[in-house]
Amino acid sequence: FGFLPRCRVEPLPSYHYGTLSSRRVGVTRPTYEPLVVLCQSSKTADATLYDVATMTLSRYTRLNAMTTYGLRILAFNAQSFEPAQLDGFRLMTRSSEHDALDATYYTVRFLASDGEGPSTSFGIYRLPMQVGTFAASLGNMLPYSETGIPSEIVIFPLRVPFDSSSAVNWRIVAPHGYEWDFLPDNFKYSTLDIMGTNADLPIARKPVPPTLPPKNVLAFDQNFQGSWSQMKLYGLIARIRVPDATPRSSVNNFFVEFGYTASTAEERLAG
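Sequence positions are assigned chain by chain, starting from 1 and proceeding in written order. Local features are withheld for residues below a pLDDT of 70 in this predicted model, meaning they are given only at 70 or higher, and side-chain atom pairs are given and counted only at 80 or more; totals for whole chains, interfaces and linings count all residues. Excluding hydrogens and water, the side-chain values take into account all heavy atoms of the structure.

### Let's talk about the sheet that holds strand E15 (residues 255-258)
Here, any two strands with at least 2 DSSP bridges between them count as paired. The helix count covers DSSP runs of H or I at least four residues long, the strand count covers runs of E at least two residues long, and both are numbered beginning at the N terminus. In spatial order, the strands read E13-E11-E15; together these 3 strands make up an open sheet with antiparallel pairing. Edge positions in the sheet fall to strand E13 (217-220) and E15, since each of these pairs with one other strand and no more. Shown here is a sheet whose adjacent strand axes are inclined to one another by a mean of 10 degrees, direction ignored. Two elements, strand E11 (residues 170-173) and E15, share 4 bridges in a ladder whose sense is antiparallel. Along E15, the bridge assignment pairs Trp170 with Phe258. Orientation is described by axes fitted as lines to C-alpha atoms, over the contacting stretch for helices, and by angles from 0 to 180 degrees between their N-to-C directions.

### Details of the side chain of Ser121
Examined against the element boundaries, Ser121 turns out to sit in the loop between strand E8 (100-103) and strand E9 (134-138). Relative accessibility under 20% of the residue-type maximum defines a buried residue, over 50% an exposed one, and the middle range a partly exposed one, all with a 1.4 Å probe and only protein chains included. Overall, Ser121 belongs to the buried group, its relative accessible area being 5%. N or O atoms within 3.5 Å of each other form a polar contact, as long as, within protein, one can give a hydrogen and the other can take it, and as long as residues adjacent in sequence are counted only when both atoms are side-chain atoms. Of the polar contacts made by the side chain of Ser121, one reaches the side chain of Thr107; its length is 2.4 Å. By definition in these notes, contact holds between two residues if any of their heavy atoms fall within 4.5 Å. With sequence-adjacent residues up to four places away left out, Ser121 is seen in contact with Gln85, Leu86, Asp87, Phe89, Thr107, Val108 and Phe110.

### Overview of the environment of Ile155
Relative to the helices and strands, Ile155 resides in strand E10 (residues 151-158). The spacing of Ile155 and Arg6 is 149 residues in sequence and 39 Å in space, taken between C-alpha atoms. Sequence-distant contacts of Ile155, defined by excluding residues within four places in its chain, comprise Phe134, Ala135, Ala136, Ile172, Tyr234, Gly235 and Leu236.

Structure follows, in structure tokens:
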């Protein structure tokens, strides 16, 4: 992974910095913009790309404890997967005199819903899921705390960029705060139930929604039967709990990852 020599930093989408409220939790704490005035990159030993981004904050910025800050920075993906990527992202805070003030104990997590620990960062995949090959839609965006009923979620289309008859662990990750919650009868994955599909999901059994955190991750581990084809259109229908507010301390996106538990580049098929 690498940065531009003069790294490019931008604010997050505006909703991240909003102050939201709900009847159940009241006013929530927003994410704050740290106001970066300069970003310069450097290289660690033996690095081919600029892999260290040093950001200077405005003299009007005051960092407070137990407060969430957020920004985005342009980065280049590595050419291929290496296991070290899952444990290689670090964040450190220094004073204006360059004294170390604070740092992440473990690698920076890819999923906010994951617990802190080693090997929890992002690792690249062999193939990308192109725009239009994966989409999620919800029948009702009202919070579960208001309705008491999980909303229907439709994943369609789901088109994979590979052909495979080998078992692969894959997962669908909802934004932080969402919770998969469905009965077996609520889960549909065949052409008979989903208009527009031309193949059933190649799974041996219906998945079980998570009962322990992270509840926003629906995993299909050791659950394979048949084959994946890039010429087929797949889909699924389930139910999910909608949170009280749009997540602001993490991305508001759905992800799908094929081979997320794999330790080799060949087995990390797409994401």
